Each structure stands twice: as structure tokens, then as C-alpha cells.
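Now for the letters of each chain:
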Amino acid sequence: MPTSLKPLLGVLEGRRLDVPPIWLMRQAGRYLPEYRALRAEKGGFLALATDPEAAAEVTLQPIRRFGFDGAILFSDILMVPWALGQDLSFGVGEGPRLTPPLVDHALGALERAPERLEPVYATVARVARALPTETTFLGFAGSPWTVATYMVNGSGSKDQGETRAFAYRDEAAFAEIVGAILELTVEYLARQITAGVEAVQLFDSWAGSLSPEQFERWVIAPNAEIVTRLRERCPGVPIIGFPKGAGAKLAAYAAGVAPDAIGLDETVDPVWADGALPAGMPVQGNLDPLALLTGGETLDRGVDRVLAAFPERPHLFNLGHGIGQHTPIANVERLIARVRRDVRG
Ligand code: CP3
């Protein structure tokens, strides 16, 4: 199908549609019984993510069930630290762990293992062959700041304090970590594109914890470099930037990074964003995942508010962050029907 007939890709290319295309961050995951079954069979998240047949199946599950306009590659932002040589594990109920944490181990002592990314490219190729022609295929990577917070701390953290302090204390060492992530991320995204994704998203999930000056240095500058270099290697492939928690710094991000589209988290007033962002820049978002969890009129009101906020701007409907694992499937169906006003669903 010509790209112009894929609604989601069309919006990323700057076209406005009256019924916005929809996909959900973390749409492949634990709220789906078919995901839980396959994950249990494979024995864990990493086993699932490194098995191209299984990872492709998980990528396709929400497309089959809901007919979303976009499919997002099933993988994780922490595959890059894994390929940079840290050990990666996902314990049940405790989140990811990277060892050794770089807060007290040198980056240079890690043994790089780029071959760990090969199953991801194989997954992409499989999904690209199997997707319905109207569905847009999205790849992704974590942005350097967010990935660095996991690499330095060795796990998730409440306010990324360990990494923020490290970046002040030893700026040269931190710049080296960010640089290594950046290099591999450009390669990783270019390879995803070569294998078949049609657009990519840069997740900067912890962009919100930085002061304005550090935001310029560790969020805007590296994301801008990734965008520039990826456009050189893969011209015409749209890039969605998602600096979660950036708030009023979204305008500086849009100007400095110049992504093709920008993701809004649920704390951003979409009416404000419509006024503050460059005219015509497509936006993605930004229903509160907890409104989706709650359902009913709370959900309907939230959906209508987001839909009304962008009367002229190209808009992709999404949540402000990932879908929660306890979200009822009926609420997802209700969301899609309301966004599509039952005309396409
Ligand atoms: O969106 C999708 O459906 C595609 C797959 C995807 C996953 N992780 C699968 C996953 C994507 C795009 C991500 C991105 C990701 N991973 C981010 C950025 C987005 C965000 O949520 O802010 C971050 C920070 C991570 C790191 C990560 N991975 C954490 C903190 C966790 C544990 C928390 C949790 O939700 O369990 C993961 C594990 C993970 N990644 C799961 C999934 C489906 C759950 C693993 C399981 O099945 O137990």
C-alpha cells in the first residue's frame, strides 16, 4: 500500500485527519491474556524479546485484537545497555536490573556485544511481512539520558538522583556514557528501519527530572544529534520525540530537536501544547492511562478533551504514557470506538 494510504504514517508526514489514528504505548503487554500466556511459555521477558517468532507474535497480538493503526516493535529500551555489555535481567515484580551499575564501574571495562541486537532485527523483518497493509510499523529506542539513568543506577529509580549527581560530579565520564548510547542508538534505529519499520519513537521517559540547563545538555543535544544523523542515513523516515515530563520545556525541545512529531504526556494541557508548539508539527497523546484504567464516563470525558484540543493540527491519539497492566480490555475497546466515533472500528 502506498504510504499515503496508511493513516498513521500520513499524520506523521504532516497530514491532518478528522479521525486521528490511534496506537497505545506498551500496547503489547501484560494487560493482554495472550501476552501473559506466551510470556509464561517462554519463561520471561528477555526470552520473549530475543525470540523473533515469539516477539513478532506479541507485536501482532494487539493489532489482531484491536486493529490499532500502528504496531510497535516488541522489545525494550534496555536492549541497548545489554548490547553495550551490561548484564540485563527482569525479575518478576521488581523491574529491570543492569549489572554492573556504571556509578562505580567504568564504561570502558564493559565488553560490547552488538550481536545481542540481531534478534530484534529478525523480529522486525517478520512483523513487516505479516502486518496488515494499512498498519504503520513503529520502531523505537530509549533516548540517551533515560537509558543512562538505568545504566548508571543499575535499576529504575524514583528521581534519577544518582545519575543527576553523577552527571554533575563527573561530567566527562557521563558524557562518554551518553556518547556510547547515542552511537549505538543511531545504528540500532537505522538497522530497525532497514529491516522494515516505517517510523521510530525516541522515548525520553525521565526527561522531566532535569533542570533547564541539564535538559539542554542531556535531552535536547543528544536527541537533536540522533535526529540529524538518522535523517542522513534514512531520509524521509519520521521520528517521534517523546520527552516525558518536559512540561514547559516542550517548546525548547520541539525547536532544538525538531522531531517530525512530538509526544505529550498526560500532565501536559493539550490546549496549551497546541498554542506553544510550532504550527503544523504533529502531536501524539495524551490521555491519562489512569482514565483508561477507570473507564466509563471518566474515560469518555478524557477522550473528548484530547480530541477537542487539536482542531487544526495533525494528531495521533495515544496515552500520555504506557498502558497499565490492570487495564480492562473492555475499556480499550470503548476508547477505540469513541476515538473512531464508531465509523471505522
Ligand atoms: O510499547 C510496546 O508495546 C512495545 C514494547 C516496549 C516495552 N518497553 C516492553 C516491556 C516498549 C516501547 C518499552 C519501553 C520502555 N522500557 C521504557 C520507555 C517507556 C516508558 O514506559 O517510560 C522504559 C523506561 C523501559 C524500561 C522497562 N522495561 C521497565 C522500567 C520495565 C519494568 C516495568 C514494567 O512495566 O514491568 C520494563 C519491562 C517491560 N518492557 C515489560 C514490557 C511489556 C514488562 C515485562 C514483563 O512482561 O514482565
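The rules we used
Residues numbered from 1 in each chain as written. Predicted model: local features only at pLDDT ≥ 70, side-chain atom pairs only at ≥ 80, totals over all residues. Heavy atoms only, no water. Salt bridge = Lys/Arg side-chain N within 4 Å of Asp/Glu carboxyl O. Helix = DSSP H or I, 4+ residues; strand = E, 2+ residues; numbered from the N terminus. Buried < 20%, exposed > 50% of the residue type's maximum accessible area, 1.4 Å probe, protein only. Near = heavy atom within 4 Å. Polar contact = N/O pair within 3.5 Å; in protein donor to acceptor, adjacent residues only side chain to side chain. Areas by Shrake-Rupley, 256 points an atom, 1.4 Å probe, with all protein chains shown as cover. Phe/Tyr/Trp six-rings, centres within 6.5 Å; stacked < 30°, edge-to-face > 60°. Axes fitted to C-alpha atoms, helices over the stretch in contact; angles between N-to-C directions. Parallel < 35°, antiparallel > 145°, perpendicular 65-115°, else oblique. Contact = heavy atoms within 4.5 Å.

Asker: I'd like a rundown of the pattern of salt bridges, residues and numbers included.
Answerer: Counted under the stated rule, the structure contains 20 salt bridges. Among the salt bridges present, the one from Glu118 reaches Arg191, with a minimum N-O distance of 3.4 Å. Here Glu118, found in helix α6 (residues 118-130), pairs with Arg191, found in helix α9 (residues 171-195); they are 73 residues apart in sequence, far enough to count as distant. By relative accessible area, which is 37% here, Glu118 ends up partly exposed. With a shortest N-O distance of 3.6 Å, Arg338 and Asp300 are connected by a salt bridge. Residue Arg338 is located in helix α15 (residues 329-339), and its partner Asp300 is located in helix α14 (residues 296-308); the two are separated by 38 residues in the primary sequence. Given the relative accessible area of 32%, Arg338 is considered partly exposed. Salt bridges here are not isolated pairs; linked through shared partners, they connect Asp300, Asp304, Arg334 and Arg338.

Asker: I'd like to hear about the environment of Asp304, residue by residue, with values.
Answerer: You can see Asp304 is positioned in helix α14. On the basis of relative accessible area, Asp304 is assigned to the partly exposed category, the value being 31%. Linking Asp304 and Arg338, residues 34 residues apart in sequence, is a C-alpha distance of 8.3 Å.

Asker: Please give an account of the site of the ligand that cites residues and values.
Answerer: Close contacts around the ligand come from 22 residues, with Arg26, Tyr35, Arg39, Asp76 and Ser205 the closest. Here an oxygen atom of the ligand sits 2.5 Å away from a polar atom, N or O, in the side chain of Ser205. Measuring from an oxygen atom of the ligand, one finds a side-chain N or O atom of His321 at 2.8 Å. Relative to its unbound accessible surface of 860 Å², the ligand loses 89% to contact with the protein. Within the residue set of the shell around the ligand, elements represented by two or more residues are α2 (33-42) and β3 (95-99).

Asker: Explain the packing of aromatic side chains residue by residue, including any values.
Answerer: The full count for this structure, using the stated rule, is 11 aromatic pairs. Note on Trp145 and Phe174: the rings are 5.8 Å apart at their centroids and 70° apart in plane angle, and the pair reads as edge-to-face. Taken as a pair, Trp145 in helix α7 (residues 144-153) and Phe174 in helix α9 lie far apart in primary sequence, 29 residues in all. Phe174 sits in the buried class, given a relative accessible area of 0%.

Asker: Any details on the packing of α2 against helix α4 (residues 52-66)? Residues and values, ideally.
Answerer: Packed helices, taken two at a time, are described by the angle between their axes plus the distance between the axes. Relative to each other, α2 and α4 sit at 170°, their axes nearing to 10 Å. For the element pair α2 / α4, the angle class is roughly antiparallel. Between α2 and α4, the residues in contact are Pro33, Glu34, Tyr35, Leu38 and Lys42 and Ala54, Glu57, Val58, Gln61 and Arg65, respectively.

Asker: So what's going on with unusual backbone geometry? Which residues, and what values?
Answerer: In this chain, Thr99 is followed by Pro100 through a cis amide linkage whose omega measures -10°. Gly285 connects to Asn286 through a cis peptide bond whose omega is -15°. You can see Asn286 is positioned in strand β8 (residues 283-287). The residue Arg26 is not glycine, and still its phi comes out positive at about 65°. For Gln160, which is not glycine, the phi torsion reads 55° and is therefore positive.

No statement about biological role is implied by the geometric values presented.
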